[in-house]
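Coordinate inspection notes
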Amino acid sequence: FMTDDHIGSLMVIVKDIEDRYQAFVLDADEDIDQFVSRFNISPFEPCGLIKPESTEISDYPLVTRMEMFREYVSTIPDDFPSTSDISAAAREFCRREGQPSDPDSRIILWLDMEFSLFKYIEESRYSGFIHSGFESIEEFLDFANTVLNRRKSRAGKSLELHLGAMFHDYSIPFTNYGVTEKNKKPDFIFPSIDQYHNLSFPEDSLIFLAAKTTCKDRWRQILNEAGRIDTKHLFTLQPGISSNQMEEMKDESVILVIPKSNLGYFPKKYQEDILTLNSFIIYAKNKVGM
């Protein structure tokens, strides 16, 4: 597990009986995402013990944060708010608490706040239902699948929403999910999908950005999403990628964009080729003429 080929993999150690443990190495993005979603683990805290979830005030960094969560939950009429609504509420709570000025620290704070809020909503909405029990196995499975599917779909969608909000804050024009060749829908095209389809618009003024929480396997999915743009940028929360895959990405003109705090997890040889979110924002503003 401690070899270069396993950089970015997830090792799970499970206590079997006293003084005996089993270890499992998850290499595939889908397996890692499924495990993290199943146990509702924040992408920024994969190392540690998995504890039973609770809504005690001590579980949250600030009492004021708990108060904001309570107020928010009391005002939402639906069974469960959309990912868009939750992510917007999380950013507003971060602004109330006070947030860092640099985008790399800010997006981590946004994601962490949203993750805490999401867990709080789950507990507040479903704790009573769980304690009352289920009338059948089918009812239990339907409920469990609803919860797990929501957890799994939320993470990737929220990352895109927060990135979009960040680009809005810096007045960088973009199109989200614009349609390109073969009905592909890239996460972000700068400055717009209309300019992408305008063949008189210079190709070197276009930017492609994909967003994936993990990308050990999935980075290849972006290669054919925008034929006019040779260099592909990929924002990821992946804590490190092997030298072999970094070399493959370089050959395919894929440039990683990551939170600055994750840079140390990547092979030193390739760190100078990686952009932080702040450096990407500077690059994008210059590229699209802002």
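Values in this document were obtained by computation on a predicted structure and should not be read as measured data.

**A look at the packing of aromatic side chains**
- Following the criterion strictly, the structure yields 17 aromatic pairs and no others.
- Ring centres 5.4 Å apart and planes at 75° place the aromatic pair Phe 134 and Phe 140 in the edge-to-face group.
- You can call Phe 140 partly exposed: its relative accessible area is 38%.
- An aromatic cluster of at least three residues, connected via ring pairs, comprises Phe 80, Phe 118, Tyr 126, Phe 134, Phe 140 and Phe 143.

**Comments concerning the side chain of Arg 151**
- Checked against the element boundaries, Arg 151 lands in helix α5 (residues 137–169).
- A relative accessible area of 11% means that Arg 151 is categorised as buried.
- A polar side-chain atom of Arg 151 sits 3.0 Å from a polar atom in the side chain of Glu 122.

**Some remarks on the packing of helix α1 (residues 29–38) against α5**
- Their axes nearest at 9 Å, the elements α1 and α5 cross at an angle of 120°. In terms of orientation, α1 lies oblique with respect to α5. For the element pair α1 and α5, the recorded crossing hand is right-handed. Here Glu 30, Ser 37 and Arg 38 of α1 come into contact with α5, specifically with Leu 148, Arg 151 and Lys 152.

**Points about the sheet that holds strand β6 (residues 232–236)**
- The strand order β3-β4-β5-β6-β7-β8 describes an open sheet built from six strands, whose pairing is mixed. Since the sheet does not close on itself, it has two edges, and those belong to β3 (175–176) and β8 (275–276), each with one partner.
- Inspection of the sheet shows strand β4 (residues 188–190) paired to strand β5 (residues 207–212) by three bridges, in the antiparallel sense. When the sheet's bridge partners are listed, Phe 188 is paired in β5 with Leu 209.

**Considerations on the pattern of salt bridges**
- Under the definition given, this model contains 13 salt bridges.
- With a shortest N-O distance of 2.3 Å, Glu 248 and Arg 220 are connected by a salt bridge. With Glu 248 in helix α7 (residues 243–251) and Arg 220 in the loop between β5 and β6, this pair connects stretches of sequence that are 28 residues apart.
- Owing to a relative accessible area of 32%, Glu 248 belongs among the partly exposed residues under this scheme.
- Taking relative accessible area as the criterion, Arg 220 reaches 37% and is therefore assigned partly exposed.
- Salt bridges sharing common partners tie together Arg 65, Glu 97 and Asp 112.

**Focus on unusual backbone geometry**
- Omega for the bond connecting Phe 190 with Pro 191 falls within 30 degrees of zero, at 0°, which places this linkage in the cis form.
- Mapped onto the elements of the fold, Pro 191 is located in the loop between β4 and α6 (193–197).
- Phi is positive for Tyr 177, close to 65°, though the residue is something other than glycine.
- Following the sequence through the fold, Tyr 177 ends up in the loop between β3 and β4.
- Residues other than glycine seldom take positive phi values, yet Lys 182 does so here, at roughly 55°.

**Focus: the confidence of the model for the protein chain**
- In the predicted model, the protein chain carries a mean pLDDT of 87, and 92% of its residues have values of at least 70.
- Counting contacts from residues 54–58, a segment whose pLDDT is below 50, to residues more than four positions away or on other chains yields eleven contacts.

Cut-offs applied
- Residues numbered from 1 in each chain as written.
- Predicted model: local features only at pLDDT ≥ 70, side-chain atom pairs only at ≥ 80, totals over all residues.
- Heavy atoms only, no water.
- Phe/Tyr/Trp six-rings, centres within 6.5 Å; stacked < 30°, edge-to-face > 60°.
- Buried < 20%, exposed > 50% of the residue type's maximum accessible area, 1.4 Å probe, protein only.
- Helix = DSSP H or I, 4+ residues; strand = E, 2+ residues; numbered from the N terminus.
- Polar contact = N/O pair within 3.5 Å; in protein donor to acceptor, adjacent residues only side chain to side chain.
- Axes fitted to C-alpha atoms, helices over the stretch in contact; angles between N-to-C directions.
- Parallel < 35°, antiparallel > 145°, perpendicular 65-115°, else oblique.
- Left-handed = near helix turned anticlockwise from the far one by under 90°.
- Contact = heavy atoms within 4.5 Å.
- Pairing = 2+ DSSP bridges.
- Salt bridge = Lys/Arg side-chain N within 4 Å of Asp/Glu carboxyl O.
- pLDDT = per-residue confidence, 0-100.

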